[in-house]
Amino acid sequence: MGAGAALSPRRAAFGAALAIALSAQACVWSVPLATTPSTDPPLYAVGWTQTGIASWYGEPFHGRTTAAGGTYDMDEISAAHQTIPFGTWIRVDNLDNGSSIELDVNDRGPFVRGRILDVSRAAARALGMIGPGTARVRITIIETANAVSARGGCVVVQVAAFRERRSAEAKRQAVERAGFEASIEPYEDMYRVVAGPFADEPAAGRVRETLGGFMRRC
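Here the structure is a predicted model, which is why all the values come from computation and not from measurement.

## Focus: the sheet that holds strand β8 (residues 182-187)
Okay, step 1: With respect to topology, four strands assemble into an open sheet ordered β8-β9-β7-β10, the strand pairing being antiparallel. The open sheet terminates on both sides in strands that have one partner only, identified here as β8 and β10 (214-217). On average, each strand axis in the sheet is tilted by 40° relative to the strand beside it, whichever way the strands run.
Okay, step 2: Pairing of β8 with strand β9 (residues 190-198), which is carried by six bridges, proceeds in the antiparallel orientation. When the bridges of β9 are listed, Ile 184 appears paired with Val 193.
Okay, step 3: Across the sheet, helix α3 (residues 165-177) touches β7 (155-162), β8 and β9, and the angle it forms with β8 is around 155°.
Okay, step 4: Here helix α4 (residues 201-211) sits on the sheet in contact with β7, β9 and β10, set at roughly 30° to β7.

## Looking at α4
Okay, step 1: All of the buried residues along α4 are Ala 203, Ala 204, Gly 205, Val 207 and Leu 211.
Okay, step 2: On its buried face, α4 is in contact with β7, α3, β9 and β10.
Okay, step 3: In the segment just after α4, Gly 212 is the residue with positive phi, at about 85°.

## Digging into the pattern of salt bridges
Okay, step 1: Per the counting criterion, the structure on display carries 10 salt bridges.
Okay, step 2: The salt bridge involving Arg 138 is made with Asp 93; its shortest N-O contact spans 3.5 Å. You can see Arg 138 sitting in strand β6 (residues 134-143) and its partner Asp 93 sitting in strand β3 (residues 89-94), a full 45 residues away along the chain.
Okay, step 3: Note that Arg 136 is salt-bridged to Asp 96, the shortest N-O span being 2.9 Å. Linking Arg 136 in strand β6 with Asp 96 in the loop between β3 and β4 (100-107), this pair joins segments that are 40 residues apart in sequence.
Okay, step 4: Judged by its relative accessible area of 43%, Arg 136 falls in the partly exposed class.
Okay, step 5: Among the residues examined, Asp 96 registers a relative accessible area of 48% and is labelled partly exposed.
Okay, step 6: Look at the salt bridges and you will find they share partners, linking Arg 91, Asp 93 and Arg 138 into a network.

Conventions and cut-offs
- Residues numbered from 1 in each chain as written.
- Predicted model: local features only at pLDDT ≥ 70, side-chain atom pairs only at ≥ 80, totals over all residues.
- Heavy atoms only, no water.
- Pairing = 2+ DSSP bridges.
- Helix = DSSP H or I, 4+ residues; strand = E, 2+ residues; numbered from the N terminus.
- Axes fitted to C-alpha atoms, helices over the stretch in contact; angles between N-to-C directions.
- Contact = heavy atoms within 4.5 Å.
- Buried < 20%, exposed > 50% of the residue type's maximum accessible area, 1.4 Å probe, protein only.
- Salt bridge = Lys/Arg side-chain N within 4 Å of Asp/Glu carboxyl O.

In structure tokens:
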């Protein structure tokens, strides 16, 4: 066909459609794969692991409200992760020195590129990472979060967890001075301080607003 020959209507329509399709495809190809969100959320079951760089955080976050609604205490054992559900218990293994610790996730973070976990100062001390500031770690879920449904039933508010019994006892007494029944639950090498039990979720929720922490089934 000569350069000046006119295209048939059918071929002209096909050419226009092809140009649009190629233009759209070029836009798709131009998006970096790293920015494409996954449609499949991780299954945070017992045994789930993640390896990467951890850091620790203290001031100026000490005393501020955590994403779970409690008060951050850098001298308590806790951790922040971007997506693991609150109340999940994890084991953190320091791959640089072989130390490990078990703690619960009660905050969101870190928000520094390339890091997967922030731990409290107390946890960092136990992991031997105060000086370096960061460490290569492996996270392993050892107990999944116990979600509280709206069906009612026995509910407690886990306020804090400590490695030392005396620290847990001091926190238990503080909760009781605030006017709530409290107890200590030994778990592995940790001591959990819980308020309650309460008859239903709304009752526990009101206490959580005062004490922080998270709700779980008895």
